[in-house]
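# Inside the fold
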Amino acid sequence: MEKSSVDGKGVSCRRALRICKGLLVPASFSLLFFMQGAAFSDDGGNAAAEPQVVASNAGGTAAVSDPAAAVPATSAGGGAGTPLFGGSGALTGQVGKLFAPREDLADYFGRELVDDKARAGSEGQGRYNPSHGPLVIYGKLYPELDFISGSGATAAASQALATLAPAPTGLNLEDHQELTSSNSRIGLRGSLLLFNDLKAIYQAETTVNIGGGGSLFGSERDTFVGLSSKRYGTIKLGDLDTVYKNLGADEAIGFNQVASGNFVSTNNLAAKAPYGSGSASSFNQRRVNSIYYYTPSIYGFHFLGQYSPDSGKNQLTNNEFWSVGARYIHGGFSVAFAQEVHMDAFGGDPSGPLSNIGSGLPKGAPTVQSRDEGNRLTMVYHTSDTAVWGEVGRLQYHDFGGLDGRFQRYERISYTVGAERQINDRIRVIATYTHAENGSCELTGGAFCSTAGLNGSQYNAGLTYYLYRRMVSVYGLYSVLDNGPSAAYSNLPSSTDTFGVGEHIQQVALGLLVSFAR
């Protein structure tokens, strides 16, 4: 009987524990949900609770263009602060996260969203145990006042121009000023732990129109859902920046956090054709209908792949797309290679009678197809306060099956070098130089094709003064884009800005950047 009494008490205790657990678990989730909104808030100004990196493409972005956009350069009190490119063995700075694909929040904010190890110990390995990380609303706003001027446009009816060159007009830009907001953006993102280290991740992001009138929200930026595992890598489905774009210097460095959509982006020259064929020629893209995967680190290497099918495929065209790449990081040295292919985009076709898709002919008619390809190698070396980098890229545009005398092929090489320096806790400077060569071309049937004057160069410089950490700053930008006599490269902020073939475009801007995450 005594033994039975003890067993009875044991049963009663176990029942009581189950009841307590049943009450405590939902109460704990309720408390977590209640506290979630303040996950990154610290009224006392403690650095540990500050968002150490503001999601962005600046990149990106807390999303995306700028994977590591905002490590504090100084404390609010003006102390020594965090080194620009990270320290203490953790590559947490802007260049420290070079070429980082768009990851979940832990990668951008320097903290784990969920305590996987503690949860595994209390709940058992492999058990299904969904747990929300904090839902973060983030943004980066950087309106600027641009002063724009132009000169030296090629005169009308000039001779000895490139075969693919647009017709020159001799008309230069009118000197003017514009208030632009580049790729200012706002978004939300978060994650949900499923089991072990597998997480569901999500993000929705849009541009924000500051001072331009009309709708407040503009175009969709990186928006996706996906699954992420430290062991197996990450897969995303949605509207996503390409691998080629992610692994380029513009994304890795960010030009003081404001390169995305700005006139100082080196992609204005390095990722486009020189004769004004529009967005179809661009290798600085975000693709809809994308499937994007990247591996975890394998001895310092990451491998990335992306595919976007053509939802409008028909008997004439199949505008599918793929982008692949690899990166390697060791200490302060980083190297990345990327390749991107656009099928039936006809990005190399010039306007006018040389085009295979002009003169009333639809794309693909009668049997024309195209394959455009970009290849790029990017190398960066950085210390705690300095970074230098170089990049070389080759673009190829190729049409197949066109009529005699029409466009068949254009390719060219470009080079970019840059340097960045943190002068002190408040001041940061950067400069880049990009040059694109004339290249070579062919017309179907073997007719003569000249590329004389299709070269171009771009010089950029910038200075940033941080008012509060890396979250609030004022900045100045300067850029000169020199078109060759036949070239029509453009870094103008508005598509309505008209300029002449061969024009020398000069821009100066003063801006204010505010980044936030809550």
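Coordinates for the structure precede this section.
Residues numbered from 1 in each chain as written. Predicted model: local features only at pLDDT ≥ 70, side-chain atom pairs only at ≥ 80, totals over all residues. Heavy atoms only, no water.

### Observations concerning the overall build of the chain
Of regular secondary structure, the chain possesses six helices and 23 strands. In the chain, buried positions account for 49% of the 518 residues. Surface summary for the chain: the accessible area is close to 22,200 Å², and the carbon and sulfur share equals 61%. (Helix = DSSP H or I, 4+ residues; strand = E, 2+ residues; numbered from the N terminus. Buried < 20%, exposed > 50% of the residue type's maximum accessible area, 1.4 Å probe, protein only. Areas by Shrake-Rupley, 256 points an atom, 1.4 Å probe, with all protein chains shown as cover.)

### Remarks on the state of the cysteines
Applying the stated criterion across every chain yields a total of one disulfide. With its sulfur 1.9 Å from that of its partner, Cys441 forms a disulfide with Cys449. With the S-S dihedral at roughly -115°, the linkage between Cys441 and Cys449 falls on the left-handed side. Here Cys441 matches Cys449 in class, with each residue buried. (Disulfide = S-S within 2.5 Å.)

### Overview of empty space enclosed by the protein
As a volume, the second largest cavity reaches approximately 60 Å³. Along its surface, the second largest cavity is lined by Ala249, Asp250, Ile253, Gly254, Phe255, Thr266, Trp389, Thr416, Ile430 and Thr432. At the level of secondary structure, the elements contributing two or more residues to the lining of the second largest cavity comprise helix H5 (249-253) and strand S19 (427-436). The greatest single-element share of the lining of the second largest cavity, amounting to three residues, is contributed by H5. Of the residues assigned to the lining of the second largest cavity, the class counts are five nonpolar, four polar and one charged. (1 Å grid on protein atoms, 1.4 Å probe; cavity = no way out; pocket = protein on both sides within 12 Å on 5 of 7 lines; lining within 4 Å. Points joined across faces, edges and corners; volume = space filled by probe spheres on them. Nonpolar A, V, L, I, M, F, W, Y, C, P; charged D, E, K, R; others polar.)

### Considering the nonpolar core
Grouped together as the largest cluster of nonpolar side chains are 27 residues, with contacts concentrated most on Leu164, Tyr275, Tyr397 and Tyr410. Residue assignment for this core shows that the elements contributing at least two residues are helix H4 (243-246), strand S12 (286-294), strand S15 (333-343), strand S17 (386-400), strand S18 (407-422) and strand S20 (440-443). In this structure, Ile253, Phe263, Trp389 and Ile430 belong to the second largest nonpolar core, which totals 17 residues. (Core = buried A, V, L, I, M, F, W, Y, C linked by side-chain atoms within 4.5 Å.)

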